[in-house]
Amino acid sequence: GVWCSDVCSSDLSSGINAEYGDCFVPLYCSKAGLLFYTFEVLMSPRFILLAIVLGTIPNVRCQYEVADNLVHAKGRCISYGFSPTQNHRGEERLQYYKVYNGEPKHITEPAAVSNMKKLCPMFQNQAVCCDAQQVNEFATKIKLAANLVKHCASCWANFRMILCQQMCSPDQSTFMEVPEMFYPPLPNASLTARSFRTSLTKEYAVKLFDSCKEVTSFGLGAIAMICADVDCTYMRLLKELGDNSSRAPYHTDYYVGNSRSVEITPLKADTLTHCWEPSMEGEPKCSCDDCSNACDDSETVTAPPPSEPFQILGLDGIAAIMGALYVLLAFLICLHCLIRWIYGRYFRQSDSDSLDSGSSIGDIKRGLVKNLRHKMVSKGQTIDTIIANGFHIWSSICCRHPGKTMIGSILVSAVFISGLSYFTITTDPVKLWSSPTSTARQQKEFFDKHFTPFYRTTQVVIKPKGQAPFNYTVAANRYQNVTFGPVLSKEVLSEAMTLQNVLVNITARVNGQTVSLEDVCYKPLAPDNNNCAIMSPLQWFQNIPENLEIVKGDKNYLDHIYYCARNYLSPQDAQNTGIPCLGVFGGPAITNLVYGGYDEGEYEGAESILITIPLNNHLTNNTMALAWEKEFLNYMKEYENDKIQVSFSAERAIEDEISESSFQDLYTVFISYALMFLYVSLTLGKLQLSCSSNIIQAKSMVGFSGVIIVLCSVACSLGIFSFFGWEATLIVIEVVPFLVLAVGVDNIYILVQALQKDPPKSVSNVPQQISIVFGRIGPSMLLSACCETVAFSLGALSSMPAVRNFSLYAALAVFINFLLQCTAFLSVITWDLKRQLSGRFDCFCCFSNEEVENKSSRKGVVAVVIEKYWAPALFSSKCIRLAVVAFFFFISCASIGMMNRIDIGLDQTVALPHHSYLGDYYRDIFSQLRVGPPVYFVFQNKEDTWQRFPKRIGQDEICMGRSCNTTSALNYLKRQAQISDYSTIATPPNSWLDDYFSWLDPTFECCRIYYNGTFCPSTDRTSTCYPCLKKSDGERPPANLFFTHLPSFLNDNPNAEYCTKGGHALYADAVDFAYGKMRMTEDPVAIETAYFQTYHTPLHKSADFITAYKRALDIAEEMSSQVTNMTVYPYSVFYLFYEQYLTISDETIVNLLLCIMAVFIMSFILLGFNLGPALIITITVAMVTADMFGLMYLWGITLNAVSLVNLVMSVGISVEFSSHIVKSFTKSKCVGKMDKSYDALVRTGPSVLSGITLTKFVGIVVLAFAKSQIFEIFYFRMYLGIVILGALHSLVFLPALLSFIGFTNNFQTQPTKYDAVQTSTPDNDSCPTDSGVNLKESSSPGINAARFALEPSSTPSFMSPHLHNYKLVKQVPSPQLADSNREKNATTISPNNSATRSPSTSLRSGGSLKSNKSGASVVVSLNDAVTKHSKNSSYAVLDEEIDYSNREKYGVPV
């Protein structure tokens, strides 16, 4: 028997109705049963040894006795008190129980009586089958369970009921059995029971389990924590309750079902209550959150149905609307064409056909009859004339004094640039993406001021290399195989342990001082525990490598891992290795924070483990933390291991990476700009066949100077804002030069190419000729500069700092660039023209070659392509132009239909370089992490309401305990965790208020005071301490005592042995006190604000973060409605960066509309109140912007502050693309929409194509090779889209549109003094269509109009009164008919002769017209007649086929 005891000294297996396996223990060991026992073991080789022992030792009392002589009846016990025994090491311990089959006894010891009253009130004042020692021991063991389930009264009562019944019931023997008894090897030992068997009905077991299965604690299922299994069942629960080493008074095997003995009556369920019923002790039912069946209609929470997308007939609503709009527009155009065709075919007489409404005769007839020169037109002419004359005068002054102008420009620029001495650049993400006045920014500042700023996170993700999952038989899982991930293998954990210990010992140097992790880490239990709170599964082994090697019986480190993953709050894993699960810092290593990549509840399948080291965060000085993080990053960048792969990050990492990559990408930007500068310098001049001519004609210095002016304007903008204390951003430095270069280079090309077409004759004529050209070009430059400046200025109304800063810097830079082009660049161009006319070489002015011909008749390649190929092709057919317009409108409509499909947000990985180590980290975090970021719901008291927390009515509106309002704020938040897929709230909140009430409960002995009233820690078990509250005070403190013990609660560290409710670890900074006398009380302290913490569900992409923030705002708003005179707002570290995305869609539309509206207003004013051209510019800009949205959707570009900056920039560049074309259209000397649009394309198109498109294309290509993804996506792709779309709209769509709806004014502005100056090339101002280009534009077949322009003049003698205000603007060179025979039949019409004409002759531009540079006469073909006039005659030629048979209709004599 002694031998048997020694062999089986380990605990017996304890499953329900379990057998004893192969342990050599006789079930019946009496002399009477010896033969039966011998028969059982007859085949055992140990039989002979046992027989020798029993036969040679006389008078040996068999250690094991038969238990079949016990009486099972009411009023009889089965056990009473502990029986001391020894373990196999001879250490005495209280582990077994005295077998006692007598009557119950009364308990008299005061502490035990008190504990009986609190824990087992159903047996108080009765004779019971337990002694005082058992009761007191039970009171200690049950505290942990009380912390988990006490807030649900029915569960708590049922939990105590089963334990009290088996420990103290006076009828104990009716439902309990002793499977075995023995005598311990001690003197005077009593008969002892190692364990018991308790019989229950299935209904009892199920009812007990169901009453507790939904109860949560610390954000986890209470039953799951007791069972150490998230898939806990009632059988598993009973097994855990039978383990005497943790929670139960006895080691009990629960037998569920009918008893095998007629003497045993299983416990029935009528002694228990359901969770939706009041407990047997009269306590209220469980709350709705702990028992779904207890919920009434007001407490039931369900996720709202998803909002229905906007649809029309099952199609996307916006896409359907745009499709219908486009179809309607196409139908109206077709209907218009059909009506015009029918009208021209059947209702107009052939001798009186008129052209379309846009022709000159139609305009003049309608306009002059209705007196077109009304007040607005007059003002428009005046403004246009003033602007043109102003530019002429100003440029004349600058060109006559180029040296003084340049010196003045340099001095003023130097003053502005000197502000760069105050220049600072910020890479702080908070300053970049969040406005100081934004709600989230203010809430963050409030949180940081009143609470501790959220800690700085340093994290390592560890994954195995080349290892496979493995199986292991886990005892706690009913000895079933469990598949463990390779990351949990011993060798991987050993490597992780080594790495963690190295990281802990990293040091840094700051100002000559050594900084270690202990100096900067977060210590939640300091000063009692000064260990750093490292969140890692290695905490389950106390960070000691040797603990991985501990083996107890058939259990090793894997059993311990299995247990701690489900019981991370357990102070000791007594079932397995005996090592605590709590970390060395005194807190838990929460499973979902240390494991990654596992399926729900299957922790062992984890693919990775995480080591998280939180560091203290300070508002002002984080120098030491930054230094330690730098050393951490340096070490991890060099770390390599054959068995594990790691990804890592620190708080400073992303800012460092963005800053480093951005400065590296500055080289790429520099190369991009350098290539653009080189292109401009090389392409401004006209290349000749002669090398000497090329050197003279080259404009490299002009191009270089123009680029320097662009950089100077950017520097001036930076200097001015720096002087006033504005911090620049990398976006400003990288984007604004690109924008200003686009604007500036285009103006340079237009001005230089205009001078190349109309060069001065001599050096002395240079200032005059530049002033003439600049008088024509200047208004167009002013138009684009003003539109862009005002548009960007309105963009500064954005609440996003990145957009606002860009808009302000860009607006000022564009305007300064315009001013410098009107001053310094005029000086440069003056000097360059003089150099060219003097035959001096470009860049080498000291060398010259006067024999080289300076004039060049060759046009540039771009100009030739547009004039000879593109323009004729576009204008060759009306159908082509109509198809072009229809296609571009279709693209814009389709792009608008895609707008609502563009994703919103900016993934952090996009801001990183392509091969950044943080890319691996974020990919691992998004795929592995199974918990989201913490979120704090901050309760902010309004004035005069600081005393709501102490009052019962205020507490009921906030708390979530059983006696709180079911609609309280925290109960509402707790219910949101039940619909986490919708609410994104993962766990119920941690409530310091409810835990404070529990901490005050005398049952837990947490809040105690010394005799002098000071706080007595729960760990002090030697001093005489008294409960803070009496039982008569109820479960909550009186209002006058609320603040008395609250500071002690917040400073009390939890401990697993005596009090787990101490608030220091979780709530040390959760309450901000306001000290001093309050208005309503004399209390020395009050609560100003407090927070309650929970967690979001895992968030993987920008859309998840945005949704989480939206849901949190909705929840906070609802919580605010549940409390009186308080506001609730949510705070999480990422809200600050994602707040902008809540309104970015609306803000994008508003910003772009404001910019486009500014373009329209400035265009309308600067185009002389000409509504039509202003509308066309606005429509074109709007279409380019709309097309950018379509490009963003197709190219996967998300909408965020960076893309919004680019969209605002696209408005400015689109103005640059379109305004010059439209301005050229309005100033064209041609008559008629088609000729004007053709002329504008040929004259201005080359400058637009070479000045903006090709220049930018050269620079953009380089951006594709940038290291940063943000450059590749948001700069390369979007810049390329802006340039291509802008070029297509200005060179393809705009000319086609102008040919149809170009709003032509059939008058010109008052002539300026430079209009009368004869240029060096008389044909420079002729229409391109006057040189032989055959444009067919008519409303009926076969009709062509002669195109001339009219200006106001005095009334000629031969004109009709209707035309008395018009004269011929320019003389069309004398055409000569190819057919000399037609000359013979020409009829000469003089001013005084109107008789010679054919009754029905039509005025046409037919025949082959050739220019006669002498300009002596004008010859116009009238079918077979030619009319000649002298050069000095004053006459009008009308842009329409004239019906000469009805001259009174037009009032034009011939």
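Note that the structure is predicted; figures quoted are calculated from it, not measured.

What counts as what
Residue positions are counted from 1 within each chain, in the order its sequence is given. For a predicted model such as this one, the threshold for reporting local features is a pLDDT of at least 70, and the threshold for listing and counting side-chain atom pairs is 80 or more; totals across whole chains, interfaces and linings nevertheless cover every residue. Hydrogens and waters are ignored; side-chain quantities use all the structure's heavy atoms. Secondary structure counts use DSSP, requiring at least four H or I residues in a row for a helix and at least two E residues in a row for a strand, with both numbered from the N terminus. Here, two residues are considered to be in contact whenever any of their heavy atoms come within 4.5 Å of each other. Throughout, the Shrake-Rupley method with a 1.4 Å probe supplies accessible areas, and for residues the shown protein chains are the sole cover considered. By disulfide we mean two sulfur atoms from cysteines, separated by a distance within 2.5 Å. Each residue is assigned to one of three classes by its accessible area relative to the maximum for its type, calculated with a 1.4 Å probe on protein chains only: buried under 20%, partly exposed between the two thresholds, exposed over 50%. Only one rule defines a salt bridge in this text: a Lys or Arg side-chain nitrogen within 4 Å of an Asp or Glu carboxyl oxygen. Simply put, an axis is a line fit to the C-alpha atoms, just over the touching stretch for a helix, and the angle between two N-to-C directions goes from 0 to 180 degrees. If an angle is under 35 degrees, it is roughly parallel; if it is over 145, roughly antiparallel; if it lies from 65 to 115, roughly perpendicular; otherwise it is oblique. Handedness of a crossing is defined here by the sense of rotation of the near helix relative to the far one, left-handed for an anticlockwise turn of less than a right angle and right-handed for a clockwise turn. Strand pairing is assigned whenever DSSP identifies at least 2 bridges connecting the two strands. Each Phe, Tyr or Trp ring (for Trp, its six-membered ring) is paired with any other whose centre lies within 6.5 Å, and the angle between the two planes then decides the class: stacked below 30 degrees, edge-to-face above 60, tilted in between. Our definition puts a charge over a ring when NZ of Lys or CZ of Arg is within 6 Å of the ring centre and also within 35 degrees of the ring normal. Patches in this entry comprise residues that are over 30% relatively accessible and not in a salt bridge; like charges within 9 Å are linked, as are nonpolar side chains (Val, Leu, Ile, Met, Phe, Trp, Tyr) within 5 Å. Neither His nor the chain ends contribute to the count of charged residues, in which Lys and Arg are positive and Asp and Glu negative. Here the site of a charge means atom NZ of a Lys, CZ of an Arg, CG of an Asp or CD of a Glu. Residue-level confidence of the predictor, termed pLDDT, takes values from 0 up to 100. What qualifies as a polar contact is a pair of N or O atoms within 3.5 Å, subject to a donor-acceptor requirement within protein and to the restriction that residues adjacent in sequence count only when both atoms come from side chains. To get the bend at any residue, fit one axis to the seven residues that end at it and another to the seven that begin at it, then take the angle between the two axes.

Take the overall build of the protein next. In terms of helices and strands, the protein carries 46 helices and 31 strands. When contacts within the protein are restricted to residue pairs at least 6 apart in sequence, long-range pairs at least 24 apart make up 73% of them. Carbon and sulfur atoms form 57% of the exposed surface of the protein, whose accessible area is close to 62100 Å².

The subject of this paragraph is the state of the cysteines. Inspection of every chain in the model, using the stated rule, returns 12 disulfides. The partner cysteine of Cys 155 in its disulfide is Cys 212, sulfur to sulfur 1.9 Å. Because the torsion about its S-S bond is 110 degrees, the bridge between Cys 155 and Cys 212 counts as right-handed. Pair noted here: Cys 155 is in helix 7 (residues 153-168) and Cys 212 is in helix 8 (residues 202-212), with a separation of 57 residues, a long-range link. According to the relative accessible area criterion, Cys 155 is buried, its value standing at 0%.

For the rest of this paragraph, the subject is the side chain of Thr 984. You can see Thr 984 is positioned in the loop between helix 34 (980-983) and helix 35 (992-1000). Thr 984 sits in the buried class, given a relative accessible area of 6%.

Tracing the chain through its elements places Thr 729 in the loop between helix 24 (700-723) and helix 25 (730-757). The contacts of Thr 729, once residues within four sequence positions are left out, are Ile 425, Thr 426, Leu 432 and Asn 805.

Moving on, we come to the pattern of salt bridges. Overall, the coordinates contain 19 salt bridges when judged by the stated rule. For the salt bridge of Lys 974 with Asp 290, the shortest nitrogen-to-oxygen distance reads 3.3 Å. With a gap of 684 residues between them, Lys 974 in helix 33 (residues 969-976) and Asp 290 in the loop between strand 10 (252-256) and strand 11 (311-312) connect regions that are remote in the sequence. Among the residues examined, Asp 290 registers a relative accessible area of 2% and is labelled buried. Residue Arg 1277 pairs with Glu 1272 through a salt bridge whose shortest N-O separation is 3.3 Å. In this pair, the class of Arg 1277 matches that of Glu 1272, namely buried.

A pair of packed helices is captured by two measures, namely the crossing angle of their axes and the spacing between those axes. As a packed pair, helix 26 (residues 766-795) and helix 40 (residues 1140-1166) sit with axes 8 Å apart at the nearest point and diverge in direction by 150 degrees. Taken together, helix 26 and helix 40 sit at an angle that is classed as roughly antiparallel. Between helix 26 and helix 40 the crossing geometry is right-handed. Residues Leu 782, Leu 783, Cys 786, Cys 787, Val 790, Ala 791, Leu 794 and Gly 795 of helix 26 touch helix 40, and the partners they reach there are Asn 1151, Leu 1154, Cys 1155, Ala 1158, Val 1159, Met 1162, Ser 1163 and Leu 1166.

This part is about helix 36 (residues 1042-1051). In terms of residue burial, helix 36 counts as a mostly covered element, since seven of its 10 residues are buried. Inspection of helix 36 places Phe 1042, Phe 1043, His 1045, Leu 1046, Ser 1048, Phe 1049 and Leu 1050 among the buried residues, and these make up the whole buried set.

Pairing within the open sheet is antiparallel, and its four strands lie in the order 18-19-13-20. For this open sheet the edge positions go to strand 18 (595-596) and strand 20 (644-649), each flanked by a neighbour on one side alone. Judged from the seven bridges that link them, strand 13 (residues 456-464) and strand 19 (residues 608-615) form a sheet pairing that is antiparallel. Bridge pairing in strand 19 links Val 461 to Leu 610. Along the sheet face, helix 31 (residues 917-928) touches strand 13, strand 18, strand 19 and strand 20 and points at about 100 degrees away from the line of strand 20.

Each regular strand displays side chains that alternate between the two surfaces of the sheet. For strand 10, the buried fraction is high: five of the five residues fall into the buried class. On strand 10, burial covers both faces: Thr 252, Tyr 254 and Val 256 on one face and Asp 253 and Tyr 255 on the other are all buried. Strand direction decides the pairing type here: strand 7 (residues 196-200) and strand 10, joined by five bridges, are parallel. Bridging across to strand 10, Thr 198 finds its partner in Tyr 254.

Next up on the list: the packing of aromatic side chains. Tallied over the full model, the rule gives 55 aromatic pairs. With centroids separated by 5.1 Å and ring planes inclined at 15 degrees, the aromatic side chains of Phe 1105 and Tyr 1138 adopt a geometry described as stacked. Here Phe 1105 is found in helix 38 (residues 1102-1122), whereas its partner Tyr 1138 is found in helix 39 (residues 1135-1138), with 33 residues between them in sequence. Owing to a relative accessible area of 9%, Phe 1105 belongs among the buried residues under this scheme. Site record: aromatic cluster; members linked through ring pairs are Phe 447, Phe 451, Phe 454, Tyr 455, Tyr 522, Tyr 936, Tyr 1091 and Tyr 1131. Geometry around Tyr 100 places Lys 105 over its ring, the cationic atom sitting 4.9 Å from the centre. Just above the ring of Phe 1225 sits the side chain of Lys 1236; from NZ or CZ to the centre is 5.9 Å.

Inspection of the secondary structure assignment puts Met 235 in helix 10 (residues 234-241). Remark: the alpha-carbon pair of Met 235 and Tyr 255, spanning 20 residues in sequence, is separated by 9.6 Å.

Pairing within the open sheet is antiparallel, and its three strands lie in the order 23-22-24. Taken across any chain shown, the strands that pair with only one partner, and hence form the sheet edges, are strand 23 (1015-1016) and strand 24 (1026-1027). Pairing of strand 22 (residues 1008-1009) with strand 24, which is carried by two bridges, proceeds in the antiparallel orientation. If you follow Arg 1008 over to strand 24, its bridge partner there is Pro 1027.

Turning next to a negative patch on the surface. A cluster of acidic residues, Asp 599, Glu 600, Glu 602 and Glu 607, forms a negative patch at the surface. Note on placement: Asp 599 falls in the loop between strand 18 and strand 19.

To continue, consider a nonpolar patch on the surface. Together, Leu 325, Leu 328, Phe 331, Leu 332, Leu 335, Leu 338, Ile 339, Trp 341 and Ile 342 make up a nonpolar patch on the protein surface, roughly 860 Å² of accessible area in all. Mapped onto the elements of the fold, Leu 325 is located in helix 11 (residues 317-347). On the accessibility criterion, Leu 325 (47% relative accessible area) is partly exposed.

Turning our attention to the pairing of strand 17 (residues 513-516). Pairing geometry for strand 16 (residues 507-510) and strand 17, over four bridges, is antiparallel. Note on strand 17: the bridge partner recorded for Thr 507 is Ser 516. The turn linking strand 16 back onto strand 17 is made up of two residues, and Asn 511 within it adopts a positive phi angle of 55 degrees.

So, on to unusual backbone geometry. The step from Ala 526 to Pro 527 runs through a cis peptide bond, and the omega angle for that step is 10 degrees. Inspection of the secondary structure assignment puts Pro 527 in the loop between helix 18 (517-520) and helix 19 (557-566). In this model, Asn 125 sits at a positive phi of 65 degrees, which is unusual for a non-glycine residue. Phi is positive for Asn 511, which is not a glycine, with a value near 55 degrees. Along the chain, Asn 511 falls in the loop between strand 16 and strand 17.

Turning our eyes to something else, we now look at the confidence of the model for the protein. Residue-level pLDDT values for the protein average 76, and 76% of them are 70 or greater. pLDDT under 50 marks residues 1306-1324. Its contacts with residues more than four places away, or in other chains, come to 47 contacts.

A few words now on the environment of Phe 792. Tracing the backbone shows Phe 792 in helix 26. A residue is classified by how much of its surface remains accessible, and Phe 792, at 0% relative accessible area, is buried. For the pair Phe 792 and Phe 806, spaced 14 residues apart in sequence, the C-alpha to C-alpha distance is 8.3 Å. Apart from residues lying up to four places away in sequence, Phe 792 is in contact with Leu 739, Phe 806, Ser 807, Ala 810, Ala 811, Val 814, Val 1208, Met 1209 and Gly 1212.

Its location among the elements puts Trp 870 in helix 29 (residues 861-874). Among the residues examined, Trp 870 registers a relative accessible area of 31% and is labelled partly exposed. With 421 residues separating them in the primary sequence, Trp 870 and Leu 1291 have C-alpha atoms 9.1 Å apart. In this structure Trp 870 touches Val 865, Leu 1241, Leu 1291 and Val 1292, once residues within four positions along its chain are discounted. Among the polar contacts made by the side chain of Trp 870, one reaches the main-chain carbonyl oxygen of Leu 1291 at a distance of 2.8 Å.

This brings us to helix 44 (residues 1269-1301). The sharpest bend along helix 44 comes to roughly 40 degrees, located at Phe 1293, with the proline Pro 1295 sitting one to four residues further on. Most of helix 44 is tucked away: 28 of the 33 residues are buried.

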